[in-house]
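# Per-entry structural report
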Amino acid sequence: MLMAALGSVFKPFLRDRFLHLLIILGVILTLFQPAKIMQFPQFVDWNTIVTLLGLLMLTKGVEVSGYFDFVGRKMINAIDNERRLALFLVSAAAVLATFMTNDVALFIVIPLTITLKKLTSLPVTRLIIFEALAVNAGSLLTPIGNPQNILLWNKSGQSFLHFIGQMAPLALVTLAALFVVTWWCFPSHSLKKLENNQGYPFKKRLLISCVVLYVAFIACVDLGYALYGLLAVVVCFLLLARNVLLRIDWPLILVFIVMFIDVRLLVGLHALQPAFTHIHGLPDYGHYLLSIGLSQVISNVPATILMINYLPSGPLLAYAVNAGGFGLAIGSLANLIALRMAGDKKIWLRFHYYSFPFLLFSGGAGWLLLALFAK
């Protein structure tokens, strides 16, 4: 029994090709900076790792409780049209991301969407892609929608409403485009309900415990006691539902840890240091394109941390790094979370079919809006 449980935890590590690539990249980068091996623990934002792990546990707990099955059945009885259901879920993802951060919005919307796969003929893989795009578009509106905006807002000294006013044009244009594409990609026909679908039995005690733990955990994170909150979550699941701890996407946690290390090693390469000294001398369009480009290579949060040393935390940098969340999956950590939660290997290629056009559109629209503001 114990060996079977351990096998279910370790097998995903062996099959995770993305994790393997990140580890190989880290090994190569370490060969150029071997003295930094002892600094690896300092490279990792452990508060982010603890927060992510706690949210993964709580989301899986709600899933195991059977509540997503329950809500899914209610939803398809109320909205049995594919286009309307897709627009509803994409809108919900965008709205939640404006005030709950993009990753938390995904932890709510995607498990519910995956449940619908067992109940209807809804193209779930495509819908998850659009939900990932939606949280990137919705989260750019507010100072608390995503990590890069939190950093930019704190550095800028702007009021909450002033920051929203600054970001609103790009958010509205991007969301409008997303809704149009969603309307186009999901046909308006009735959903075919699948028979004999089975989900988890609805366990109210586990659901209520997860909701209470979620509120307590978020409070602990806000107060700076994330680790204590995580310990409380682990203890409760050990008592209530140990199988939840075995079903978490543990490789995803390691992916984030290795990413933090890889980014710091990449930025620390001596060969790149001369290039950084020339950033100040670039024209505005150079700063804009560089910020988007770095977001594609090292993700938009590390790109913001790097570029804020050379640029003011104003609209140009804010528009660039938020637009940079589209494009490659690594452009935003929310993309990685969404694609990992989907559990479908084919989704990685299909995601870029939609994401790259949104990178071009959002990046181009952002530059045009900045030009208009300048006038």
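Notes on the structure in this doc start here. Here the structure is a predicted model, which means the values were calculated and not measured. (Residues numbered from 1 in each chain as written. Predicted model: local features only at pLDDT ≥ 70, side-chain atom pairs only at ≥ 80, totals over all residues. Heavy atoms only, no water.)

### Considering the overall build of the protein chain
Helix and strand counts for the protein chain come out as 20 helices and 0 strands. The C-alpha atoms of the protein chain give a radius of gyration of 21 Å, which matches the 21 Å a tight globule of 375 residues would have. On the principal axes, the C-alpha backbone points of the protein chain span a range of 65 × 50 × 40 Å. Taking all 375 residues of the protein chain together, 52% fall into the buried category. When contacts within the protein chain are restricted to residue pairs at least 6 apart in sequence, long-range pairs at least 24 apart make up 79% of them. If you sum the accessible surface of the protein chain, you get close to 18,100 Å²; carbon and sulfur atoms cover 71% of it. Computed over 26 positive and 14 negative side-chain charges, the separation of the two mean positions in the protein chain equals 6 Å. (Helix = DSSP H or I, 4+ residues; strand = E, 2+ residues; numbered from the N terminus. Rg over C-alpha atoms; globule rule 2.2 N^0.38 Å. Buried < 20%, exposed > 50% of the residue type's maximum accessible area, 1.4 Å probe, protein only. Contact = heavy atoms within 4.5 Å. Areas by Shrake-Rupley, 256 points an atom, 1.4 Å probe, with all protein chains shown as cover. Lys, Arg positive; Asp, Glu negative; His and termini not counted. Charge placed at Lys NZ, Arg CZ, Asp CG, Glu CD.)

### Quick notes on helix α2 (residues 17-32)
A rise of 1.5 Å per residue sets the reference length of α2, with its 16 residues, at 22 Å; its end C-alpha atoms lie 24 Å apart and thus fit the reference within 8%. The complete set of buried residues in α2 reads L19, L22, G26, L29 and T30. Summarising the axial view, the buried residues of α2 lie within an arc of 105°, below the 170-degree limit, and thus occupy one face. Away from the buried face of α2 by more than 90 degrees, exposed residues R17, L21, L31 and F32 are located. (Expected span 1.5 Å × (residues − 1). Arc of directions from axis to C-beta.)

### Overview of the nonpolar core
If you look at the biggest cluster of nonpolar residues, it comprises 120 residues, and the most contacted ones within it are M57, L85, L116, L133 and F237. Not counting the four nearest positions on each side in its chain, L85 is found in contact with M75, I79, L116, L122 and L191. (Core = buried A, V, L, I, M, F, W, Y, C linked by side-chain atoms within 4.5 Å.)

### Thoughts on the side chain of E82
Along the chain, E82 turns up in helix α6 (residues 82-100). For the buried E82, no salt bridge is present, and the opposite-charge side chain at shortest range is R126, 4.3 Å distant. (Salt bridge = Lys/Arg side-chain N within 4 Å of Asp/Glu carboxyl O.)

### Here's the deal with the environment of L133
With respect to the helices and strands, the residue L133 is situated in helix α8 (residues 124-139). According to the relative accessible area criterion, L133 is buried, its value standing at 1%. In this structure, the C-alpha to C-alpha distance between L133 and T182, residues 49 residues apart in sequence, is 11 Å. Every residue in contact with L133, bar those within four places of it in the chain, is listed here: L178, F326, F351, Y354, S355 and F358.

### Side note on the pattern of salt bridges
Overall, the coordinates contain 1 salt bridge when judged by the stated rule. Where R340 meets D249, a salt bridge forms, and the shortest distance between an N and an O atom there is 3.0 Å. On the criterion of sequence distance, the pair formed by R340 in helix α19 (residues 333-342) and D249 in the loop between α13 (242-246) and α14 (250-267) is long-range, its members being 91 residues apart. Judged by its relative accessible area of 23%, D249 is partly exposed.

### Some thoughts on the environment of L206
Note on placement: L206 falls in helix α11 (residues 204-223). We classify L206 as buried; its relative accessible area is 6%. Distance in space between the C-alpha atoms of L206 and L339 is 26 Å, their sequence separation being 133 residues. The residues contacting L206, other than those within four sequence positions of it, are G61, V64, S65, F237 and A241.

### Notes on the packing of helix α9 (residues 147-156) against helix α18 (residues 315-323)
Axis separation between α9 and α18 bottoms out at 10 Å; the angle between their running directions is 170°. As summarised for this structure, α9 and α18 are arranged roughly antiparallel, according to the angle between their axes. Touching Q148, N149 and L152 of α9 are L317, A318, V321 and N322, all from α18. The residue inventory of the contact of α9 with α18, partitioned by class, reads 4 nonpolar, 3 polar and no charged. (Axes fitted to C-alpha atoms, helices over the stretch in contact; angles between N-to-C directions. Parallel < 35°, antiparallel > 145°, perpendicular 65-115°, else oblique. Nonpolar A, V, L, I, M, F, W, Y, C, P; charged D, E, K, R; others polar.)

### Describing unusual backbone geometry
Backbone geometry at S299 places phi at a positive 85°, although glycine is not the residue there. When you line up the elements, S299 lands in the loop between α16 (284-298) and α17 (300-307).

### A few points about the packing of α2 against α14
In contact at an axis separation of 9 Å, α2 and α14 are set at 30° when each is read in the N-to-C sense. Here α14 runs roughly parallel to α2, going by the angle between their axes. Considering only the axes of α2 and α14, their crossing is left-handed. On the side of α2, the interface is formed by F18, L19, L22, I23, L25, G26, L29 and T30, while α14 contributes P251, L254, V255, V258, M259, D262, L265 and L266. Across the contact of α2 with α14, the residue classes break down as 13 nonpolar, 2 polar and 1 charged. (Left-handed = near helix turned anticlockwise from the far one by under 90°.)

### Describing empty space enclosed by the protein
Across all of its chains, the model carries 1 cavity of 30 Å³ or more by this definition. One number sums up the size of the largest cavity: a volume of about 30 Å³. Taken together, N102, N136, S139, N146, Q148, N300, N322, G325 and S332 make up the full set of residues lining the largest cavity. (1 Å grid on protein atoms, 1.4 Å probe; cavity = no way out; pocket = protein on both sides within 12 Å on 5 of 7 lines; lining within 4 Å. Points joined across faces, edges and corners; volume = space filled by probe spheres on them.)

### A short note on the state of the cysteines
Under the counting rule described, the total for this entry stands at 0 disulfides. Between C220, a free cysteine, and C236, which holds the nearest cysteine sulfur, the sulfur-to-sulfur gap is 11 Å. Overall, the relative accessible area of 23% leaves C220 in the partly exposed class. C236 forms no disulfide, and the closest cysteine sulfur to it belongs to C210, at a distance of 9.3 Å. For C236, a relative accessible area of 26% corresponds to the partly exposed category. (Disulfide = S-S within 2.5 Å.)

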